[in-house]
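Geometric and topological summary
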Amino acid sequence: WDNADFSRGVGTTYYQEFLTLDTAKPPFVRDVEAKIRRYLKSSYSAAWTLKITWEKAPAYTARTDTRRTNTYQAVLTTDGFRSYILMLYQEGGMGWDYTRLAATNVLIGYT
C-alpha cells in the first residue's frame, strides 16, 4: 500500500491480537484459518493472529485531498512454523486518486 496520512485527523487505525495456542478460537480466527486452508489447499491451525485495520485513511499528503479515503486490513497469522498475511480491501478496491500520488506504478497488494 501507499503512504496513508493521518495528520489532518481523518481516518483511524485499529488492531486486535488473538493468542490462540491454548484457548478457544474466536470466529474471526476460524475464518482466517478457513481462508488459508481453502486458498492454499493445506491444513492450518493458527497459534497467533494480528488484525490491523486502517479505516477511512487518506493518501499522503492529506493536505491535498481528505475526501477520497480507503479502508483496508492486514491480517498476519502463524502456527509457529508457517506465517501468512491476508490483505483485504474495501468493496470497490482502492479509493485514492492514483493520478495524484507521487508514485505512478500503483499496485494493490504486495510483491
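Residues numbered from 1 in each chain as written. Predicted model: local features only at pLDDT ≥ 70, side-chain atom pairs only at ≥ 80, totals over all residues. Heavy atoms only, no water.

The phi torsion of most residues other than glycine is negative, and most of the peptide bonds are trans. Backbone geometry at Lys 41 places phi at a positive 55 degrees, although glycine is not the residue there. By secondary structure assignment, the location of Lys 41 is in the loop between α1 (27-40) and β2 (48-58). Of note in this structure, Lys 56 is not a glycine but carries a positive phi near 50 degrees. When you line up the elements, Lys 56 lands in strand β2. Classification of Lys 56 as exposed rests on a relative accessible area of 51%. (Helix = DSSP H or I, 4+ residues; strand = E, 2+ residues; numbered from the N terminus. Buried < 20%, exposed > 50% of the residue type's maximum accessible area, 1.4 Å probe, protein only.)

With that out of the way, let us pick up the environment of Ala 34. Of note, Ala 34 is situated in helix α1. Put simply, Ala 34 and Tyr 44 are 10 residues apart on the chain and 8.2 Å apart in space, counted from C-alpha to C-alpha.

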